[in-house]
Amino acid sequence: MKLTTKQFISDFEQTLHREEMTTFDTATNSELFVALAKTVRGYYTPQWIERNKELTQNKEKIAYYFSIEFLPGRMLETNLLNLGILDTVKKAFSKLGLNFEDVKNAEHDMALGNGGLGRLAAAFMDSLATTDYPGFGNGLRYKYGLFKQRIINGYQVELPDSWFGSIGNVWETRKDHDIVNVRLFGDVYLEKAEDGHLRPVYRNAQVLRAVPYDVPQLGYNNGNVNNLRLWDVEIPEEDELNYRSLADLRRVQDITAILYPDDSTDDGKKLRLMQEYFMTSAGLQTIIKTYLKLGMPLERIHEKVAVHINDTHPAVAPAEFMRLLVDDYDMEWEDAWNVTVKVMSYTNHTILSEALEKWNEGLFRYVLPRVYQIIQEIDRRFVEEQVAQGTPSEVIERTRIIKDGNVHMAHLAIIGGHSVNGVAKLHTELLKADTLHDFYTISPEKFNNKTNGIVHRRWTQIAAPELSAAIDKTIGKGWRSDIHKLRALDEYVDDKAVQERFAEVKTDAKKRLARYIYDTTGVQVSTDAIFDVQVKRLHAYKRQLLNVMYIIKLYLELKDNPQVAKNMTPHVFIFGAKAAPGYHFAKSVIKIINELANLINNDESIHDKIKVVFLENYRVSLAELIIPAADISEQISLASKEASGTSNMKFMMTGAVTLATLDGANIEIKDEVGDDNIVIFGMDKDAVYSHYDKHDYSSRTLYDSDPTIHRVIDTFVDGTIPNIQAEGNEIYNALITYNDEYFLLEDFESYVKAHERIAAAYADQKTWMHMSLTNIARSARFTSDDTIEQYAQEIWGLTKRKHE
Ligand SMILES: *Cc1c(COP(=O)(O)O)cnc(C)c1O
């Protein structure tokens, strides 16, 4: 949109007066933020109304992205950038003598997600709007986001993340006209109605009111607005007599209280299932109602509606859609099934079989009695059809939805949809060959790959404005609207002036991070040091512990032989990671990192050659500070375990060099930058699978035969690292007694060598900047705009919005 600084200042001031009843000279950052956000809302509201009218008029097909997580982080800058007024607003702020950074920081991250999966969903929202496709999100409006992490005495402590705070969510709008009811529990039996149809009769069901809150999603400089719909729960007025105590009320509110309630108990599991069904049912009900307003018959709903199941959490969707079509809209089963399969599609995010959701049959039937009956019928017909097609009986047994007393959600998503995709080339290959092999033999045509991506605008223009300016200066501004123009940087990777320009930008980002590290941890780090970063959820397969083992080795070496320090560039190891509250092992790793940091950072004998920093409460806004400051990007999961990874792409885009295993999208990064501009180590997936096949891995043999490994592992239990008795034992046992599930010991030597190679490259500034610049130049391959183009065309069959 077009907006002068003068006009903006006047709008902003009026809003501040009207909404906050205060003035520029007295307003707090938080008041300024709210006024600014409301000014911005005023700018996009007409676009939003216009676009909604247009969608109905043109009867455009809409894709609905169902996800239990959305992790947008802060929205202010994205909205300003996408409206094309970020620079204008920043200029206005300096004119007014206000600090834009402080006001921006008053926004609380919208953290309705854990990590990669939720961030991807948020990225897709931005990219759908930007690529001009009608694609809406459907999720839950959690009152508390993912927990807030504090580190106390080296331990992770979880606090509620009250992200609404005193401000609330300034970007959302409650939509009363789309409220629907969702039914759970009770008894259901079928009764013949007068028209001859069998109709379910519900007794003693619990009825909940689903209230939608819409969060507009703006496209980049194109005037497009999509919608992210988040559902909240309320008690229907007609039902209020059933909720007489505060405890009753709280039990209902729990449904949208937190992301991933502790599901180690039956109550927790039940709540989880209720959440998943609640958001799925509410979403599907309004989708059908919206569709019917077009005046088309339900037999053609697949022409106007696509529903995407992001991971298995919304995988009840095919069954719920069938229930609605058959029970509420009187469709014949075959007709309903025909459209259901065409509407639904599914993304798988993991090959870890323990992460493929399944529900105990008894629990499922108790919470969702009618849906359970529908699933039984889907399952029965699936078996019948497969028998008729001559599918081997053991394959049928393994692929059916209800088996061994469980309802298998991924099976429902695959059988009830027309598309199954993995999220990186290797991941999709493994799904076909291994995790979902049986389904692949039955329906190979359903399988396809869609490598993940990132919103490059957030990681460059928003998170790294100086880097963006340096790119402008080198190749012009065209890349800001066509990211593939970044490739032009290829011409400059060995240009001395350009190298110096980008080195300076990196140093500036490192200075900013160093200040933050000092302010939050008291640790002083030098920007001359290599910033070596591993930030991501804490999980055994991601192998933060391998990184820890390397740090210990380096530390012992410096202690043994001070000569080593002479030729060594100082090295800062930076971690950020939340551990799931019930994940004991992961929490122990956090404790060990913190105690190791204490030991090393306070040991004067190593003269600051290494520093270890753990930054608490890793989240999107912190990622924006950390990632542009990284020299080394640690992507060291055991080959085959990381479906894709997306932080690997963010680091690449801001000029870090990747130190990686051949896993997930690291492989595609390597293919893009070439072997010389990435440092690869460790087993590939064939080596890993060979150990599984032959059962021939023995960590104890490695421990006994390799003195370095032996010594490093012993530090967990011999008192070298203080205050980690229980945790050290746990780690020692995981690595030695329980045979090192993720093969850290086997990859250790190769990891050490890779570190030596990358340090040598860093020491030669010319080589390093060549590598760094090549990574930036080739990073456009991972824009989520392109990923979404593929989803839109190949899975959802969407048409781009027409500009008149
Ligand atoms: C990108 C991102 C992730 C995903 O990181 P991976 O290294 O791909 O697992 C997790 N959390 C946040 C806050 C992110 O921005």
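Residues numbered from 1 in each chain as written. Predicted model: local features only at pLDDT ≥ 70, side-chain atom pairs only at ≥ 80, totals over all residues. Heavy atoms only, no water.

The protein has the name Alpha-1,4 glucan phosphorylase in an unreviewed UniProt entry, where Alloscardovia venturai is given as its organism. UniProt annotates the protein under Cofactor (unreviewed entry) with the comment "pyridoxal 5'-phosphate". Word for word, the UniProt comment on the protein under Catalytic activity (unreviewed entry) is "[(1->4)-alpha-D-glucosyl](n) + phosphate = [(1->4)-alpha-D-glucosyl](n-1) + alpha-D-glucose 1-phosphate". (UniProt positions renumbered as here; feature names shortened; annotations may be inferred.)

A. Main features of the pairing of strand β20 (residues 530-535). Most of β20 sits inside the fold, with six of its six residues counted as buried. Burial of β20 is two-sided: the residues I530, D532 and Q534 facing one way and the residues F531, V533 and V535 facing the other way are all buried. Of the pairings in the sheet, the one linking β20 to strand β21 (residues 571-576) comprises six bridges and is parallel in character. The partner of I530 across the bridge, within β21, is H571. In this fold, the crossover linking β20 to β21 by way of helix α20 (residues 544-560) has right-handed handedness. One ladder, built from two bridges, connects β20 with strand β23 (residues 632-635); its direction is parallel. (Buried < 20%, exposed > 50% of the residue type's maximum accessible area, 1.4 Å probe, protein only. Helix = DSSP H or I, 4+ residues; strand = E, 2+ residues; numbered from the N terminus. Pairing = 2+ DSSP bridges. Right-handed = clockwise from strand over helix to strand, strands pointing away.)

B. Layout of helix α8 (residues 266-292). In this model, α8 (27 residues) spans 39 Å end to end at C-alpha, consistent with the 39 Å of a helix rising 1.5 Å per residue. In terms of burial, α8 is a largely internal element, 20 of the 27 residues being buried. (Expected span 1.5 Å × (residues − 1).)

C. Structural detail: the sheet that holds strand β15 (residues 358-360). Strand order in the open sheet made by the three strands is β15-β17-β16, with antiparallel pairing throughout. Both edges of this open sheet fall to β15 and β16 (402-403), since each of them pairs with a single strand only. Both β16 and strand β17 (residues 406-408) contribute to a ladder of two bridges, which runs antiparallel. Residue pairing in the sheet places I402 in a bridge with V407 of β17.

D. View of the layout of surface pockets. Quantified by volume, the second largest pocket comes out at close to 670 Å³. If you trace the second largest pocket, you find 28 residues lining it, with N52, Y64, F136, D178 and T290 closest to the centre. With six residues, the top contributor of residues to the lining of the second largest pocket is helix α2 (residues 29-57). The class makeup of the residues in the lining of the second largest pocket is ten nonpolar, nine polar and nine charged. (1 Å grid on protein atoms, 1.4 Å probe; cavity = no way out; pocket = protein on both sides within 12 Å on 5 of 7 lines; lining within 4 Å. Points joined across faces, edges and corners; volume = space filled by probe spheres on them. Nonpolar A, V, L, I, M, F, W, Y, C, P; charged D, E, K, R; others polar.)

E. Seen up close, the pattern of salt bridges. Within this structure, the stated rule accounts for 61 salt bridges. In this structure, the salt-bridge partner of E642 is K542, at a minimum N-O distance of 2.9 Å. In this pair, E642 is assigned in the loop between β23 and α23 (647-653) and K542 in the loop between β20 and α20, connecting sequence segments 100 residues apart. Of the two residues, E642 and K542, neither departs from the other in class, the shared state being buried. (Salt bridge = Lys/Arg side-chain N within 4 Å of Asp/Glu carboxyl O.)

F. Molecular detail of the site of the ligand. Neighbouring the ligand are the residues G115, G116, V535, K536, K542, Y618, R619, V620, G645, T646, S647 and K650. The separation between an oxygen atom of the ligand and a polar side-chain atom of K536 is 2.6 Å. S647 is positioned such that a nitrogen or oxygen atom in its side chain is 2.5 Å from an oxygen atom of the ligand. Burial of the ligand by the protein amounts to 96% of the accessible area it has alone, namely 390 Å². Tallied by class, residues from the shell around the ligand come to three nonpolar, five polar and four charged. (Near = heavy atom within 4 Å. Polar contact = N/O pair within 3.5 Å; in protein donor to acceptor, adjacent residues only side chain to side chain. Areas by Shrake-Rupley, 256 points an atom, 1.4 Å probe, with all protein chains shown as cover.)

G. Summary view of the packing of α20 against helix α29 (residues 744-763). Contact geometry for α20 and α29: axes closest at 10 Å, N-to-C directions at 60°. One finds that α20 runs oblique with respect to α29. The crossing of α20 and α29 is right-handed. Taking contact as the criterion, the partners of L545, L546, N547, M549, Y550 and K553 in α20 are, on α29, L744, L745, F748, Y751, V752 and H755. In terms of residue class, the contact of α20 with α29 is built from nine nonpolar, two polar and one charged. (Axes fitted to C-alpha atoms, helices over the stretch in contact; angles between N-to-C directions. Parallel < 35°, antiparallel > 145°, perpendicular 65-115°, else oblique. Left-handed = near helix turned anticlockwise from the far one by under 90°. Contact = heavy atoms within 4.5 Å.)

H. Layout of empty space enclosed by the protein. Counting across every chain of the model gives four cavities of 30 Å³ or more. Space inside the largest cavity adds up to approximately 140 Å³. If you go around the largest cavity, you meet 14 residues; those closest to its centre are M75, T78, A122, D126 and Q217. Broken down by element, the residue count for the lining of the largest cavity peaks at four residues, all from helix α6 (residues 116-130). Of the residues belonging to the lining of the largest cavity, the class tally is seven nonpolar, four polar and three charged. Counted as a void, the second largest cavity has a volume near 60 Å³. Lining the second largest cavity, in full, are K536, K542, Q635, I636, S637, E642, S644, G645, N648 and N666. Grouping the amino acids of the lining of the second largest cavity by side-chain chemistry returns one nonpolar, six polar and three charged.

I. Fine view of the pairing of strand β4 (residues 135-140). A large share of β4 lies buried, amounting to six of its six residues. Burial along β4 is two-sided: G135, G137 and G139 and F136, N138 and L140, pointing in opposite directions, are all buried. In this structure, strand β1 (residues 62-66) lies alongside β4, joined through four bridges in parallel fashion. Looking across to β4, one finds that A63 is bridged to G135.

J. The side chain of K403, seen in detail. Inspection of the secondary structure assignment puts K403 in strand β16. For the buried K403, no salt bridge exists, and the shortest N-O distance to an oppositely charged side chain is 4.5 Å, to D404. At 3.5 Å, the side chain of K403 and the backbone oxygen of R398 are in polar contact. Look past the residues within four positions of K403 in its chain and what remains in contact with it is E397, R398, H408 and H411. (Lys, Arg positive; Asp, Glu negative; His and termini not counted.)

K. Fine view of the nonpolar core. In terms of nonpolar packing, the biggest core is built from 240 residues, with F364 and W796 touching the most fellow members. Two domains each put at least three residues into this core: domain 1 (59-74 + 109-450) and domain 2 (463-681 + 750-777). Residues within four places of W796 in sequence aside, it is in contact with K61, A63, Y65, L128, A306, H308, S345, I788 and Y791. Core analysis: the second largest hydrophobic core is formed by 38 residues, A463, A509, L625 and I626 among them. (Core = buried A, V, L, I, M, F, W, Y, C linked by side-chain atoms within 4.5 Å. Domains from an automatic or database assignment.)

L. Up close: the side chain of R323. Tracing the chain through its elements places R323 in helix α9 (residues 317-328). Residue classification places R323 among the buried residues on the basis of a relative accessible area of 6%. Contact partners of R323, with chain neighbours within four places excluded, come to R183, Y202, Y277, S281, D328, R370, V371 and I374.

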